[in-house]
Amino acid sequence: MTLSLAMLLASMAAFWILSRPQVLPAEDYQNLVGDLSNGERIFWAAGCSSCHADPMAKGEDKLVLSGGYRIDSPFGAFIAPNISPGSAGIAGWTTYDFANALVAGVSPKGQHIYPSLPYTTYARMNPEDVADLKAFIDSLPVSDVPSRPHELRFPFNIRRGLGLWKRLNLRGDWVVTEVATPQLQRGRYLVEALGHCAECHTPRNIIGGLDTRRWMQGAPNPSGKGDIPAISADKLDWSAGDIAYYLETGFTPDFDSAGGQMAKVVLGTAKLSSEDREAIAAYLKISSLVD
Amino acid sequence: MKSGMFAICGILGAAVVATSAIGDGHADKAIEAAVKARQSQMTLYSFNLGLLGGMAKGEIEYDADAAAAAASNLAALSQLDQSRLWPQGSDNAALGTDKTRALPAIWEAGSTAGEKGMAFANAAIAMEQAAGGGLDALRGAMGDVGKSCGGCHEDYRQEN
């Protein structure tokens, strides 16, 4: 009896220790001066407004980050919060607070953030780009729309459990390890650290982590309707030029056009430089882990 | 009098049943024809965009006359009266996504599908003015055409 009580207490202590929110080294984020124009580029490459603008927002309203986009998943529904620079959003956050949220999935209150914010991707971001993005978001309009809570089922609504999830699924290393040219390095950064293509185009394991062995192999749509196509080099037969043109205009090689969430993605990639779009395309053409 | 009323009710009732039965049959055919017609219109957009986009991508050599002809087709297509192409009940919830990917939101209150169509028509007219005036002008105009296509497909088309 005493023994089993001791074991229970020991496992509770182990859970408590292993699930602790882990923050970033503060020194990496000191003395960074945000650069607005690079921040804007990062903003569009990282697709922030695809989820954090009102789902029906158009044009300039895509810069009002009031939140509200809903992601249905097997664990329940995640609802993107207000991240505008007002009191309903991220007013008062330091660059370090912002970095911990974006890169480590830890809120300024020291709680785990759900990985519907794709910090499993942003974990690979450079501190300078994080600071620049923060500066750009701080320059955007304020929205007073309150954030709505996620609608998650037990036990997924216990945030502390994410500490264990992160131990299994949050890694800052590159998935595609061999990149021979500066263009491929840039493409890898745009895809693996910013664009978070894999968050939809790579299948997930049973606990909702990306199965990186099946990188970009396509996946069921988490909302339950249809499939998200494979875009790995072995499956997607578009040329690099086709991919770059799609990211610029939304036109497929058959001159159908992007719709749904990809239409939002293309609005962002259309704002990048043609070199950046070509780099993404070049990366995707080598992004197969299948021999 | 009483039997007269009954007869009238009976006739009315029968007539209602009959028209709805005939109506359903006609409506199905009319809806299918409308879906086919609007999908054919999309195919013609795509066919003409294929030439313009092929030139923009550098896959097809730029030819001002051919580009102008395709762009003028596109503009003409965008001006066709579409009032009979989008009947009520021709959405994917009613017909199935294998028949149409048009979402019910097109017909719901607050729908902006009409404005999206106007944005496309404006982009197609701008393309008509640009396409014969050199490759750079054509390339520039493709951006707004693509944006207007995506603008409607973003909200009103079911993705696969």
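Counting from 1, residues in each chain are numbered in the order their sequence is written. Ligands are numbered from 1 and chains lettered from A, in the order in which they are written. The model is predicted, so local features are restricted to residues of pLDDT at least 70 and side-chain atom pairs to those at 80 or more, both for listing and for counting; the totals for chains, interfaces and linings are taken over all residues. Derived side-chain values reflect all non-hydrogen atoms in the structure, with water molecules and hydrogen atoms excluded from consideration.

1. Some points on the packing of aromatic side chains
We describe a pair of aromatic rings using the distance from one ring centre to the other and the angle between the two ring planes. All names here are of chain A. Here is the rule: Aromatic contacts are taken between Phe, Tyr and Trp rings whose centres are within 6.5 Å, Trp giving its six-membered ring; a plane angle under 30 degrees counts as stacked, one over 60 as edge-to-face, and the others as tilted. Runs of E in the DSSP output that reach at least two residues are strands. Runs of H or I that reach at least four are helices, and both are numbered from the N terminus. Two conditions define a charge located above a ring, namely a distance within 6 Å from the ring centre to NZ of Lys or CZ of Arg, and an angle within 35 degrees of the ring normal.
In total, this model carries 10 aromatic pairs over all chains according to the counting rule given. With 6.3 Å between their ring centres and 45° between their planes, Y29 and Y96 make a pair best called tilted. Here the residue Y29 occupies a position in the loop between α1 (2-18) and α2 (36-46), and Y96 occupies one in helix α4 (residues 95-104), the gap between them amounting to 67 residues. K166 extends its terminal NZ or CZ atom over the ring of Y119, reaching a point 5.1 Å from the ring centre. When the ring centre of W44 is taken as origin, the NZ or CZ atom of K271, which lies over that ring, is 4.3 Å away.

2. A look at the interface of chain A and chain B
The line we're drawing: Here, two residues are considered to be in contact whenever any of their heavy atoms come within 4.5 Å of each other. As a working definition, buried area equals the accessible area (1.4 Å probe) given up by two parts on being put together, with both sides summed. The salt bridge criterion pairs a side-chain nitrogen of Lys or Arg with a carboxyl oxygen of Asp or Glu, the two atoms within 4 Å.
Across the boundary between the two partners, chain A contributes 23 residues, which contact 24 residues of chain B. Where chain A abuts chain B, roughly 1700 Å² becomes buried across the two surfaces, and 53% of that area is made up of carbon and sulfur atoms. For chain A, the biggest contributors to the area lost against chain B are Y245, F251 and F255 of chain A; these three give 32% of the whole. Counting across the interface, chain A meets chain B through 7 salt bridges. Across the pair E154 of chain B and K62 of chain A runs a salt bridge, and its minimum N-O distance is 3.3 Å.

3. A few points about the nonpolar core
Which entries qualify depends on this criterion: In plain words, nonpolar cores are sets of buried Ala, Val, Leu, Ile, Met, Phe, Trp, Tyr and Cys residues tied together by side-chain atoms within 4.5 Å. Summary of the burial criterion: residues with accessible area below 20% of their type's maximum are buried, those above 50% are exposed, and those between are partly exposed, where the area comes from a 1.4 Å probe applied to protein chains only.
Counting residues in hydrophobic clusters, the biggest one holds 63 residues, and the most contacted among them are F43, L102, M125, L133 and I137 of chain A. Breaking this core down by element, the ones donating at least two residues are α2, α4, α5 (119-122), α6 (127-138), α7 (162-169), α8 (182-195), α10 (240-249) and α12 (274-284) of chain A. Within the second largest apolar cluster, 24 residues are counted, among which are F251 of chain A together with Y45, L77 and F120 of chain B.

4. Topic: the side chain of T269 of chain A
All names here are of chain A. Counted only if it meets this: Two N or O atoms count as a polar contact when they lie within 3.5 Å, although within protein this holds only if one can serve as hydrogen donor and the other as acceptor, and sequence-adjacent residues are included solely when both atoms are side-chain atoms.
Secondary-structure assignment places T269 in helix α11 (residues 260-269). At a separation of 2.6 Å, a polar atom in the side chain of T269 contacts the main-chain carbonyl oxygen of L247. Other than its neighbours up to four places away in sequence, T269 contacts L247 and R277.

5. Some thoughts on the environment of A131 of chain B
All names here are of chain B. For A131, the position within the fold is in the loop between α4 (113-130) and α5 (135-156). Separated by 83 residues in the primary sequence, A131 and N48 place their C-alpha atoms 12 Å from one another. Setting aside residues up to four positions removed in sequence, A131 forms contacts with L52, Y62, A67, A68, A71 and L138.

6. Details of the pattern of salt bridges
For the structure on display, the rule yields 20 salt bridges over all chains. A salt bridge links D173 of chain A to R171 of chain A, with the nearest nitrogen and oxygen atoms 2.8 Å apart. By relative accessible area, which is 37% here, D173 of chain A ends up partly exposed. The closest approach of N and O atoms between R214 of chain A and D211 of chain A, which form a salt bridge, is 2.8 Å. Overall, the relative accessible area of 9% leaves D211 of chain A in the buried class. One network of salt bridges, in which partners are shared, links K58, K62 and K264 of chain A together with K116, E154 and D155 of chain B.

7. A word on the layout of surface pockets
All names here are of chain B. As a reminder, the rule being used: The method works on a 1 Å grid over the protein atoms by themselves. A cavity is a set of points holding a 1.4 Å probe that cannot get out, a pocket is an open set with protein on both sides within 12 Å along at least five of seven lines, and residues with an atom within 4 Å of a point line them. Grid points are joined across faces, edges and corners, and a volume is the space filled by probe spheres set on the points. Asp, Glu, Lys and Arg are counted as charged, while Ala, Val, Leu, Ile, Met, Phe, Trp, Tyr, Cys and Pro are counted as nonpolar; the rest, among them Gly, fall into the polar class.
Empty space within the second largest pocket amounts to approximately 1000 Å³. Around the second largest pocket, the lining is made up of 36 residues, and of these M42, Y45, W86, C152 and H153 lie nearest the centre. When contributions to the lining of the second largest pocket are tallied by element, the ones reaching two or more residues are α1 (2-57), α4 and α5. For the lining of the second largest pocket, the element with the highest residue contribution is α1, accounting for 8 residues. Classifying every residue of the lining of the second largest pocket by side-chain character gives 15 nonpolar, 14 polar and 7 charged.

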